Every structure is written in structure tokens, then in C-alpha cells.
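Chain by chain, the residues run as shown.
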There are 2 protein chains.
Amino acid sequence: MLPDLEPVNRESTAAIIARQLREAIMTGSLPPGTQLGETELAARFEVSRGPLREAMQRLVSEGLLRSERHRGLFVIDLEPADVYDIYSARCAVERAAAMRLVRGGDRERVAGILADAVKDMAEADKQDDPAALTEADLRFHEALIEASGSRRLARMARTLLIETRMCLSALQGTYRKDYQDVDERVTEHNRIIQALRAGDEAKLLGLLEAHMDDAVQRLAPGTSLYSGPAPAAS
Amino acid sequence: MLPDLEPVNRESTAAIIARQLREAIMTGSLPPGTQLGETELAARFEVSRGPLREAMQRLVSEGLLRSERHRGLFVIDLEPADVYDIYSARCAVERAAAMRLVRGGDRERVAGILADAVKDMAEADKQDDPAALTEADLRFHEALIEASGSRRLARMARTLLIETRMCLSALQGTYRKDYQDVDERVTEHNRIIQALRAGDEAKLLGLLEAHMDDAVQRLAPGTSLYSGPAPAAS
DNA sequence: GGTCGTATGATTGTCAACAATCCGAGGAGT
DNA sequence: ACTCCTCGGATTGTTGACAATCATACGACC
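Not measured: the values here are computed from a predicted model. (Residues numbered from 1 in each chain as written. Chains lettered and ligands numbered in written order. Predicted model: local features only at pLDDT ≥ 70, side-chain atom pairs only at ≥ 80, totals over all residues. Heavy atoms only, no water.)

### Things to note about the protein's contact with DNA strand D
Around DNA strand D, the structure places 19 residues, and the nearest of them are A:Thr13, A:Ser48, B:Arg10, B:Arg49 and B:Arg53. Counting only atoms of DNA strand D within 4 Å of the protein, the sugar-phosphate share comes to 73%. Mapped by element, the contributors of at least two residues to the surface near DNA strand D are helix 3 (49-62) of chain A together with helix 3 (49-62) of chain B. With three residues, helix 3 of chain A is the single largest residue contributor to the surface near DNA strand D. Grouping the constituent residues of the surface near DNA strand D by class yields three nonpolar, eight polar and eight charged. (Near = heavy atom within 4 Å. Helix = DSSP H or I, 4+ residues; strand = E, 2+ residues; numbered from the N terminus. Nonpolar A, V, L, I, M, F, W, Y, C, P; charged D, E, K, R; others polar.)

Structure, rendered in C-alpha cells:
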């Protein structure tokens, strides 16, 4: 009779606060190493310390915060080895998502969504807006995962994409100088869409791997997904 | 001067409780769908509801608990589609771990650890102890991930292995009847070790995928990693 | 001068009480 | 018999207060 209406299930306070904290960490409002003072944050969110602590525990279990007992919670700081760690994990997750899509998803619909993100990337490039470009880039990958329909891959990817943005912020200086390659980045994404449309799984996965490897080589010169983790693996 | 002594960093109460809750969910002491009454659990852990709630929020963010506001927290219940979801995610994670190992790990040392787990599997088989066999099986995969040295892969795998055990418990009936294939399972694991020792990445990854696919086909007859997710993908 | 001990302030960890919401039983009305 | 309303018990959500721990500044002592 009525169109399928889903159960209400309102969001818990901890979930809302956790989301805002994630956003703050991702955008750099809470830079790596920052201590999260409970009193101050609780006042800012206009809640007591209870719900705030619950939210922070979520981020601890996601690996975005590190806890030192009786000392406080700190935003994790990324070491060089984390670049490889993050991107190899992303590669695994996005590979799996792509496989699901090719093997049983609505490829054409997804390709359209992805194409929108790439269009935004090109737009951001034309307007010389690096922040918007990064945002569109991440949205591309987020959409790819989302479209796979896997709750678990989505949850993993969410954290990994936040950490990716943290990497980019931390290495912003060295990132800018390679900025001329933005055309190539757009092309890479377009080729991925093309392979998805064609249903060419081998090519799609290969392009994804190469895409991740490119990023690793840009962010951590001298290392590569194909040459294995750095000696000081985390 | 002194041998490298690491910072103390004691475990938080929430972390301890969270670990015990995970254990209880994994072993089936808290079956899927169970509501976690705060008063009762807090009394059992001999803490107040505060730390307990913090611990439970961790499990919510890991996806092991689902939260219904003003109603309570429940152990997730696994639907048929989750089998594919879990195993495809596991496949991705373990693939990535295996790649790291082949490309930059101490293959021989790891192979030894894995061989121990397989030996325990064979032992459990001889004594007709299915619980011990499952435990050894999971320890094999846990060790594989652990040896990869990736914090992120390890975190993902921890949750996935718990969910794997939940699947096995839920489908225990249909699992037992295929029990004659235990030799084959041991052999599969041994072949994986062999490929790892040889450093044959392509073979290693292929064996891992096949291993996961076998499990999917056993647990959810008619579906396969290679044929794509079921229509009602979660 | 340098090191150790001590006190002080601030922060985190924990708890018990209060408020808000949900669920079920019971009864009135049709 | 069925529906709706209401009420009571139980559970969750939130808060402020208290205890424990940590970091820093200051002063005593060698």
C-alpha cells in the first residue's frame, strides 16, 4: 500500500558527535597529535562529558584516535609508513568493491555517478581549487564503494578515506608541486569508469591498482605498492 | 643503553570490556539478536554503566552491535547475504596481507607460524574436535594478517574473523555434514603455506581466493565469490 | 647549579541520581 | 471481540559530583 518506509531508528547522540569529530579530523580542524580536551569539547557540543566520551570511544576503535590512559585522547599522527599502509588497504577495499560491481551491479548507473565526480574534478581544476579537487576525488572513491552495496567495505573505506585526506593535508607541500599532473589524474579516473562500463574486470582492477600506486609514489617518493612495505612497517 | 623498552600505556577499562564482549559474541555466549541490558552487564563486569556504555559504543562502530535509540543495543544478526559480504571482504583483506608478505616480509618465519596452526587443525581433526578445528583455522588467518604488519588490515580482520565465527555458529548444522572435507581444508591451508614459501604471489593469491570461495559455497550453497553478490546485497 | 621531593591545579575515570522514553498490562468504550 | 487509551514498571539517556591520576611550578637539599 504505502511505498516501503524504513524503520525510524533515530541517530544516537554519540553517533552525531562521532560524525562531527570525524569531519573535524578529516578537514584538519583537529590536526594530528591534538589532544581532545573533554571539558572543552563537551561545552562546544553542548552536552555533558558522558555522550562525548562515548563518541570518542568510537573513533578510538576506528583508529582515528589513540588513547593514553589518564592522559587523554589524541588524534593519531601519520608516520611515513602509514602512507603505504593506508593505500594498500584502500587498494584491497576498492578492488573488492569493483569486483562486486562488475560481477553483479548496475554498472551503467554507477558509471554515471562516478562520471559526475570526475566532472567535478575537472571543474575544480579549471578553477584552480585544490581543495575542491581533492574533495571530488574522494567522493569518486566513496561512491565506488557505496555502490558496491557492502556495508563492511563501506565502513572500512570511510576510515581509510579520512586517513587519506589526513595524509594529503600533512604532505600538502610536496603534493602541490606535482600539481601539473591533474590532467593525468582525471584521465586515470575516466579510464576506470570506461573499464567499469565495459565490464572488463581485469582491466578495471589493474587500473585501480595503478591508480593507488601512483598516489603512493606521489606521497612517499621511493616507495611503491609493488615493491612492498617500507622496512619500518607499522 | 637499555634494551628498547616501550611506553607503558595501560589499557583503558572500555578496551578491556570491549574485548570481553567481542569474545562473548564470537563464542556465541551472546547470540545474534540478543539485547545487551546495561544494568545486568555492568553488574557482571563490576563497573558502573558509564564504562560499559563506552565499551559498547566501540562495538557499534565495529559493526558487531546495532543500536536502536531508547531501546537498547543488540548483537547483529547475520542474513544470508552477509556470508558473501563477509567473505568477499575477508578475501580482500587477506589478499592484501599476503601481498605484503610476499613483497617484503620474512616469508620463512611466517610460514612456520602458519604451519603450527595447520598442525593444530590436523590434531583437532584426529580428535574429532570441531570447535578446536575452527579455532585453529581462524588462528591461521589471524596469524597471516598479523604477520603482514599492517595495523589497519589487522583491525579489519579482527572484526571479520569474529563475524566468520558467528556465521559458522549460525550455520553449524549444515556445516557438520560437509565435515568429511576436513582433509581438503588442511590441504588447502598447506598449499597456501607452500606458495608463500615459494614466493609465488600469483599462486598464493589464487589459492586464497579459492579458499574463500570454497567457504562461501559451503556456507551459502548456490552462491560464489565469482558469481557476484546475491540480489539482496546488504 | 643541579637534582629531588612536594604541593597545586587541571584533567581524566567512575559513579549514582535524575529525566526521558519505551513496552506491556489492564480497562473503558464501541 | 476489537480498538483505543492510560498507567505503571523497566530501561535507556544524560547530568553533575566525587575520586584518582597526571603535569607543572616551586622550594629544599646536597
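### What about the pairing of strand 1 (residues 65-68) of chain A?
Taken residue by residue, a regular strand's side chains alternate between the two faces of the sheet. Residues and elements named next belong to chain A. Pairing analysis gives four bridges linking strand 1 to strand 2 (residues 72-75), with the strands arranged antiparallel. The residue of strand 2 that forms the bridge with Leu-65 is Val-75. The hairpin turn running from strand 1 into strand 2, its antiparallel successor, is three residues long, and His-70 in that turn takes a positive phi close to 60°. (Pairing = 2+ DSSP bridges.)

### Quick look at the protein's contact with DNA strand C
A:Arg10, A:Arg49, A:Arg53, B:Thr13 and B:Ser48 are the nearest of the 18 residues found near DNA strand C. In DNA strand C, the atoms that sit within 4 Å of the protein are 73% sugar and phosphate, with bases accounting for the remainder. Here a phosphate oxygen of DNA strand C sits 3.1 Å away from a polar atom, N or O, in the side chain of B:Arg71. Of all the secondary structure elements, the ones that give two or more residues to the surface near DNA strand C are helix 3 of chain A together with helix 3 of chain B. In the surface near DNA strand C, the residues fall into three nonpolar, seven polar and eight charged. (Polar contact = N/O pair within 3.5 Å; in protein donor to acceptor, adjacent residues only side chain to side chain.)

### Topic: the interface of chain B and chain A
Many structure descriptions define interface size as the accessible area lost when the parts assemble. Each partner contributes to the interface: chain B provides 48 residues, whereas chain A provides 48 residues. Counting each side, the surface lost to burial between chain B and chain A is near 4,200 Å², with a carbon and sulfur contribution of 44%. Across the chain B-chain A interface, the total number found is 12 salt bridges. Note that A:Arg100 is salt-bridged to B:Asp85, the shortest N-O span being 2.6 Å. Across the contact surface, chain B and chain A share 25 residue pairs in polar contact (both at pLDDT 80 or more). Examining the composition of the side of chain B that touches chain A, we find that 12 residues originate from one element, helix 4 (residues 80-104) of chain B, more than from any other. (Contact = heavy atoms within 4.5 Å. Buried area = accessible area lost by both parts, 1.4 Å probe. Salt bridge = Lys/Arg side-chain N within 4 Å of Asp/Glu carboxyl O.)

### What to know about the environment of B:Val216
Residue and element names in this part refer to chain B. Relative to the elements of secondary structure, Val-216 occurs in helix 10 (residues 201-219). Sequence spacing of Val-216 and Tyr-84 is 132 residues, and the spatial spacing of their C-alpha atoms is 6.5 Å. Each residue touching Val-216, except ones within four places of it in the same chain, is listed here: Val-83, Tyr-87, Pro-221, Thr-223, Ser-224 and Leu-225.

### What to know about the nonpolar core
Counting 46 residues, the largest nonpolar core has A:Tyr87, A:Leu153, B:Tyr87 and B:Leu153 as the members making the most contacts within it. Going through the elements one at a time, helix 4 (80-104), helix 7 (151-170) and helix 10 (201-219) of chain A together with helix 4, helix 7 (151-170) and helix 10 of chain B are the ones with two or more residues in this core. With sequence-adjacent residues up to four places away left out, A:Tyr87 is seen in contact with A:Thr164, A:Leu168, A:Met212, A:Ala215, A:Val216, A:Leu219 and A:Leu225. (Core = buried A, V, L, I, M, F, W, Y, C linked by side-chain atoms within 4.5 Å. Buried < 20%, exposed > 50% of the residue type's maximum accessible area, 1.4 Å probe, protein only.)

### Observations regarding the relation of the copies chain B and chain A
Superposing chain B onto chain A requires a rotation of 180° together with a translation of 0.0 Å along the rotation axis, leaving an RMSD of 0.1 Å. On this basis, the relationship between the two copies can be described by a two-fold rotation axis. The fraction of interface residues of chain B whose copies in chain A are also interface residues reaches 100%, indicating that both copies meet through the same surface. (Least-squares fit on C-alpha atoms with pLDDT ≥ 70 in both.)

### Looking at unusual backbone geometry
Trans peptide bonds make up most of the peptide bonds, and negative phi angles are found at most residues other than glycine. Residue and element names in this part refer to chain B. We note that Glu-46 has phi near 60°; this positive angle belongs to a residue other than glycine. Its location among the elements puts Glu-46 in the loop between helix 2 (38-45) and helix 3. The exposed category is assigned to Glu-46, whose relative accessible area is 72%. Residues other than glycine seldom take positive phi values, yet Asp-128 does so here, at roughly 55°. Tracing the chain through its elements places Asp-128 in the loop between helix 5 (107-126) and helix 6 (130-148).

### Considerations on helix 10 of chain B
Over its 19 residues, helix 10 of chain B extends 27 Å from the first C-alpha to the last, a length consistent with the 27 Å expected when each residue adds 1.5 Å. Those residues of helix 10 of chain B that fall on the buried side of the exposure criterion are B:Leu204, B:Leu205, B:Leu207, B:Leu208, B:Glu209, B:His211, B:Met212, B:Asp213, B:Ala215, B:Val216, B:Arg218 and B:Leu219. (Expected span 1.5 Å × (residues − 1).)

### Side note on the side chain of A:Glu54
Relative to the helices and strands, A:Glu54 is located in helix 3. The contact partners of A:Glu54, leaving out residues within four places of it in the chain, are A:Ala14, B:Arg53, B:Glu54 and B:Gln57.

### Observations concerning the state of the cysteines
Residues and elements named next belong to chain A. Scanning the entire structure with this criterion turns up zero disulfides over all chains. Just so you know, Cys-167 is unpaired, no disulfide at all, and the nearest cysteine sulfur is the one on Cys-91, 15 Å from it. You can call Cys-167 buried: its relative accessible area is 2%. (Disulfide = S-S within 2.5 Å.)

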